[in-house]
Amino acid sequence: MFDIFIRAHFSAAHYLRDYPGNCEHLHGHNWDEEAVVRAEKLDKIDVGIDFRDLKKALAGVLSELDHTNLNDHPEFKGKNPSSERLAQYIYKRLKEDLKLFRDIEMVRVTVCETSKTGVTYWEDLDPERQSCSETILNSKF
């Protein structure tokens, strides 16, 4: 089994409604992301998924967020664009966009506001793969 990851970066502004502090005001972050997918087997050239394909999929999601006010994005109408919601959104979009790669399964997405703070979002794996142990990588961006 192979966990394959790609890291990326984008810049955006946001504010957190009803937050008891400065984050209630418009402010920005240089966000770092890590997306991890799983391949149970390799293809005929011994690759789980081409890094270029994974990079292209993540870039497609991030391009709609880069240099924007996240509060204006349709996904965040009525909810705060917190790191938690952002990680969840990126995960779900990638999961959908990578469906054409049959042998690839989304594992997790990590979003970091700073080098010291971040959030990881994941969902339960396919029930047939439930016995696989989930290891959260201790990686630095």
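Residues numbered from 1 in each chain as written. Predicted model: local features only at pLDDT ≥ 70, side-chain atom pairs only at ≥ 80, totals over all residues. Heavy atoms only, no water.

Draft legend 1. Looking closely at the sheet that holds strand β2 (residues 27-39). Read across the sheet, 4 strands follow the order β1-β2-β3-β4 without closing on themselves; strand pairing throughout is antiparallel. Strands at the two margins of the open sheet, each flanked by one partner only, are β1 (2-14) and β4 (117-121). On average, each strand axis in the sheet is inclined to that of its neighbour by 20°, with strand direction left out of account. Lying over the sheet, helix α1 (residues 51-63) contacts β1 and β2, oriented at roughly 25° with respect to β1. Across the sheet, helix α2 (residues 83-97) lies against β1, β2, β3 (104-114) and β4, angled at about 150° from β3, the strand it touches most. (Pairing = 2+ DSSP bridges. Helix = DSSP H or I, 4+ residues; strand = E, 2+ residues; numbered from the N terminus. Axes fitted to C-alpha atoms, helices over the stretch in contact; angles between N-to-C directions. Contact = heavy atoms within 4.5 Å.)

Draft legend 2. Structural detail: the packing of aromatic side chains. Inspection of the entire model under this criterion finds 3 aromatic pairs. Here F10 and W31 contribute two aromatic rings whose centre-to-centre distance is 6.0 Å and whose plane-to-plane angle is 10°, an arrangement assigned as stacked. Note that F10 is positioned in strand β1 and W31 in strand β2, a separation of 21 residues in sequence. Ring geometry for Y91 and Y121: centres 5.1 Å apart, planes at 75°, overall edge-to-face. With Y91 in helix α2 and Y121 in strand β4, the pair connects residues that are 30 residues apart, well separated along the chain. (Phe/Tyr/Trp six-rings, centres within 6.5 Å; stacked < 30°, edge-to-face > 60°.)

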